[in-house]
Amino acid sequence: MNWDDLRIFLAVARAQRFATAARLLGVDPTTVSRRLSRLSEQVGAPLFESVGSERHLSEAGRALLTHAEAIEAAVLAATEGPGQAAALAGHVRLSVAEGLATSVLAPAVPAFAARHPAIRLDLITASGFLSPSKREADIAVMLARPRGAQLRASELSRYRLRLYAAESYLARHGAPQSREALREHRLVSYVPEHIYAPELDYITEVHPDLAPRLRSTSINVQRTMIAAGAGIGILPDFMAASQPELRPVLDGDVAVWRTFWLVTHPDTHNARRIQAVCDWLSDVTSVG
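Residues numbered from 1 in each chain as written. Predicted model: local features only at pLDDT ≥ 70, side-chain atom pairs only at ≥ 80, totals over all residues. Heavy atoms only, no water.

Section: the overall build of the protein chain
Within the protein chain, the secondary structure is distributed over 10 helices and 11 strands. Overall, the protein chain is about 70 × 45 × 35 Å in size when its C-alpha atoms are taken along their principal axes. Within the protein chain, the fraction of its 288 residues that count as buried is 47%. Considering only contacts in the protein chain between residues 6 or more positions apart, those separated by 24 or more positions represent 76%. Total accessible area computed for the protein chain in this model is approximately 14000 Å², and 50% of it derives from carbon and sulfur atoms. Charge-centre separation for the protein chain: the mean point of 31 positive side chains lies 2 Å from the mean point of 30 negative side chains. (Helix = DSSP H or I, 4+ residues; strand = E, 2+ residues; numbered from the N terminus. Buried < 20%, exposed > 50% of the residue type's maximum accessible area, 1.4 Å probe, protein only. Contact = heavy atoms within 4.5 Å. Areas by Shrake-Rupley, 256 points an atom, 1.4 Å probe, with all protein chains shown as cover. Lys, Arg positive; Asp, Glu negative; His and termini not counted. Charge placed at Lys NZ, Arg CZ, Asp CG, Glu CD.)

Examining the pattern of salt bridges
Two side chains of opposite charge can pair, provided their charged atoms sit close to one another. The full count for this structure, using the stated rule, is 13 salt bridges. For Asp4, the salt bridge identified is with Arg35, shortest N-O distance 2.8 Å. Of the two residues, Asp4 sits in helix H1 (residues 3-15) while Arg35 sits in helix H3 (residues 29-43), which places them 31 residues apart along the sequence. Across the pair Asp251 and Arg162 runs a salt bridge whose closest N-O atoms are separated by 2.9 Å. Residue Asp251 is found in the loop between strand S10 (246-249) and strand S11 (256-264), and its partner Arg162 is found in strand S6 (residues 152-166); the two are separated by 89 residues along the sequence. (Salt bridge = Lys/Arg side-chain N within 4 Å of Asp/Glu carboxyl O.)

Focus on the environment of Asp138
Structurally, Asp138 can be placed in the loop between strand S4 (118-124) and strand S5 (139-142). For the pair Asp138 and His67, spaced 71 residues apart in sequence, the C-alpha separation works out to 15 Å. In terms of polar contacts, Asp138 uses its side chain to reach the backbone amide nitrogen of Arg93, at 2.7 Å. (Polar contact = N/O pair within 3.5 Å; in protein donor to acceptor, adjacent residues only side chain to side chain.)

Let's talk about the pairing of strand S9 (residues 232-236)
For S9, the tally of buried residues reaches five of five residues, placing the bulk of the element in the interior. Where burial is concerned, the two faces of S9 agree: the one with Ile232, Ile234 and Pro236 and the one with Gly233 and Leu235 are both buried. Sheet topology places S6 next to S9; four bridges connect them, and they run antiparallel. Among the inter-strand pairings, Leu161 is bridged to a residue of S9, identified as Pro236. With two bridges joining them, strand S7 (residues 187-189) and S9 adopt parallel strand pairing. (Pairing = 2+ DSSP bridges.)

Observations regarding the layout of surface pockets
If a probe the size of a water molecule is rolled over the atoms, the empty space left behind becomes visible. Roughly 310 Å³ of internal volume is contained in the largest pocket. The wall of the largest pocket is formed by 14 residues, among which Arg7, Arg14, Leu25, Glu72 and Arg120 lie closest to the centre. Among the elements of the structure, H1, helix H2 (18-25), helix H4 (59-78), strand S3 (89-95) and S4 are those that each provide at least two residues to the lining of the largest pocket. Top element by residues in the lining of the largest pocket is H1. It accounts for five residues. Residue composition of the lining of the largest pocket, grouped by class: eight nonpolar, two polar and four charged. (1 Å grid on protein atoms, 1.4 Å probe; cavity = no way out; pocket = protein on both sides within 12 Å on 5 of 7 lines; lining within 4 Å. Points joined across faces, edges and corners; volume = space filled by probe spheres on them. Nonpolar A, V, L, I, M, F, W, Y, C, P; charged D, E, K, R; others polar.)

Side note on the environment of Gly26
With respect to the element layout, Gly26 can be found in the loop between H2 and H3. C-alpha of Gly26 to C-alpha of Glu184: the two residues are 158 residues apart in sequence and 59 Å apart in space.

Comments concerning empty space enclosed by the protein
In the structure shown here, the tally under the stated rule is one cavity of 30 Å³ or more. Here the largest cavity defines a volume of roughly 40 Å³. A per-class count over the lining of the largest cavity returns five nonpolar, two polar and no charged.

Focus on the packing of aromatic side chains
Evaluation of the coordinates by the stated rule reveals six aromatic pairs. Each ring, one from Tyr159 and one from Phe260, has its centre 4.3 Å from the other, and the planes form 15°; the classification is stacked. Of this pair, Tyr159 sits in strand S6 while Phe260 sits in strand S11; the two residues are 101 residues apart in sequence, bridging distant segments of the chain. On the accessibility criterion, Tyr159 (3% relative accessible area) is buried. Since its relative accessible area comes to 2%, Phe260 is described here as buried. (Phe/Tyr/Trp six-rings, centres within 6.5 Å; stacked < 30°, edge-to-face > 60°.)

Structural notes on the packing of H1 against H2
The interhelical angle for the contact between H1 and H2, taken along N-to-C directions, is 125°, at an axis separation of 8 Å. With respect to H2, the axis of H1 lies oblique. Our pair here, H1 against H2, has a crossing hand that is right-handed. Residues Arg7, Ile8, Ala11, Val12 and Ala15 of H1 touch H2, and the partners they reach there are Phe18, Thr20, Ala21 and Leu25. Class assignment for the residues of the contact of H1 with H2 results in seven nonpolar, one polar and one charged. (Axes fitted to C-alpha atoms, helices over the stretch in contact; angles between N-to-C directions. Parallel < 35°, antiparallel > 145°, perpendicular 65-115°, else oblique. Left-handed = near helix turned anticlockwise from the far one by under 90°.)

Purely geometric numbers; function is a separate question.
Below is the structure:
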């Protein structure tokens, strides 16, 4: 095997599309296909399976990925010059909740990019967390510690959620004085059938009989609706802090606590680019 073929293999494994990988590498898709065919012949098995328009790693591909990433790390270390001991390079895919990415990570990205200009960082906020065990992501910040998977997980940060409403809503409708009184108010929350983690089902912890009338799969949309005076909803304190028009409701009575978990794959946990992102996450997520 030569390193250039493995480099193309890594690009497709991460991008999951030939065309995207080709564009990132500056080659044409035909070259990507040809190189991967040669690599598959050397391995003796297909490296990818087609799922719609995407290419997902096969069992042989997942086995090769571990070795290819180790070689990549060695190549990056070998090409550092004497004055580049602190320099890091490579691609890191970070799967993270939308609210944390928007309110905490995105504002901190400029400082990270200035410190590590050669790291290409993907912040992936699709519904549901991508799995490091399936190599869908290098790092995942999850709402629950994963069970049964051979992953490394550590507590990243605890945070509080409270009921919030805009001053304009409270001026029109008044503030509820009890949890039961919330049933007389217009509530904002998630669409139940699209809640991808049980930890997001906050509303039932407040009162089992609450039925939100305004719902969205996006916490950012919920925050915008609440700030615009549409109703009362549950938000993390770190998201509400940026909206001066929001006021806590039933403060001192209603508080929901959650934990962010930092999850990595043991094969890549110690890679310098992975550790650089993990250290950054630890620094910026003191949001409790």
